[in-house]
Amino acid sequence: MDVSKIREDFPLLKNRDIIYLDNAATSQKPAAVLDAEKRFYEKYNANPFRGLYELSEEATECYEEARKTVADFLHASCPEEIIFTRNATESLNLAAYTLSEYLLKPGDEIIVSIMEHHSNILPWQQAAKRYGATVKYLECDMDGTIPAERLENMITPHTKIAAITQISNVLGCKNDLKTFAEICHRHGVILVGDGAQSVPHIKVDVQDLGVDFLSFSGRRSVMLQAPAAGAGVPATADRLPGYARQFFGNCPQQNRLCSPVSRSNVLPRRKI
Ligand SMILES: Cc1ncc(COP(=O)(O)O)c(C=O)c1O
């Protein structure tokens, strides 16, 4: 690997004589990403989705293209699964607020592993408090692994949601979310995965993984400059209340707020 050649792609690393090691918190951006952002503001910036004029339509197309790029990156089954949020914390709060609203009642249980970032603990503790549910903590072994049977043994008929990270920022270990998703779904439990450390680090295929939601932050991945995104499975998205659906892609059934106005029936769409 030619490190000096890779550094050439990153203006900050060309401008500063440093070795940057804090990619788990935020990554440096390659010139291609910075150029695309600049190009957008210089050529296409307008209010997307809500303007009956050409520039707004073009901004909408750019926005939806970005959603498609993220969907392809994660191998999501369609762009409408991608919800743009400000960061992983907001994605997890969105999942917690909306899922708890239609799933939880007094006596229900939420499983959270002990290696979670605070962003994947506090929203579930607050949801449990709001609906009289209980948070149960899934322990790991001394080497950081969570045996799948431990998760399965913890699930009871009252368990509605499990929230588990794919790679832990606390221990650096990787959880087998694919097996966890199979176990959860066998028992009718929704699995919310936290991909904040895995999406920038390993290849993540959300269809193969099978989780119901996956949160992550665009700023940790040099590929993506999107503020952040969460990927969900449409079967679950369909059952979300209206508040949550407005965050989904430009899909007529799901996205009431973002698709009330369109010029496309009146004027031909231009390729930009
Ligand atoms: C595993 C994990 N989950 C969630 C978060 C929160 O991410 P954000 O800062 O994008 O809200 C972090 C942040 O470091 C993290 O490492």
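Residues numbered from 1 in each chain as written. Predicted model: local features only at pLDDT ≥ 70, side-chain atom pairs only at ≥ 80, totals over all residues.

Asks: Would you mind going over unusual backbone geometry with me for this structure?
Replies: Glycine aside, a negative phi is what most residues show, and trans is what most peptide bonds show. Even without being glycine, Phe 49 reaches a positive phi, approximately 75°. One non-glycine residue, His 75, lies in positive phi territory at about 55°.

Asks: Looking at this structure, how should I read the pairing of strand E5 (residues 190-194)?
Replies: Consecutive side chains along a regular strand alternate between the two faces of the sheet. Most of E5 is tucked away, with five of its five residues classed as buried. Neither face of E5 is open: one carries Ile 190, Val 192 and Asp 194, the other Leu 191 and Gly 193, and all of them are buried. Pairing between strand E4 (residues 159-165) and E5: five bridges, direction parallel. By the bridge assignment for E5, Ala 162 is matched with Leu 191. (Buried ≥ 20, exposed ≤ 12 C-beta atoms within 10 Å, placed from the backbone. Helix = DSSP H or I, 4+ residues; strand = E, 2+ residues; numbered from the N terminus. Pairing = 2+ DSSP bridges.)

Asks: Explanation requested: the confidence of the model for the protein chain in the structure shown.
Replies: Low pLDDT marks regions whose predicted coordinates should not be analysed in detail. Chain-level statistics for the protein chain give a pLDDT mean of 85 and a share of 81% at 70 or above. Counted against residues more than four places away or in other chains, residues 249-272, with its pLDDT under 50, gives 34 contacts. (pLDDT = per-residue confidence, 0-100. Contact = placed C-beta atoms within 7 Å.)

Asks: Looking at this model, I keep getting lost on helix H8 (residues 177-186). Mind explaining?
Replies: Residues separated by three or four positions in an α-helix point in the same direction, a consequence of the helix having 3.6 residues per turn. Within H8, burial applies to Leu 177, Phe 180, Ala 181 and Cys 184. Projection of H8 onto a plane perpendicular to its axis shows the buried side chains occupying an angular sector of 100°, all on one side. Following H8 by one or two positions, Gly 188 adopts a phi angle in the positive range, close to 70°. (Arc of directions from axis to C-beta.)

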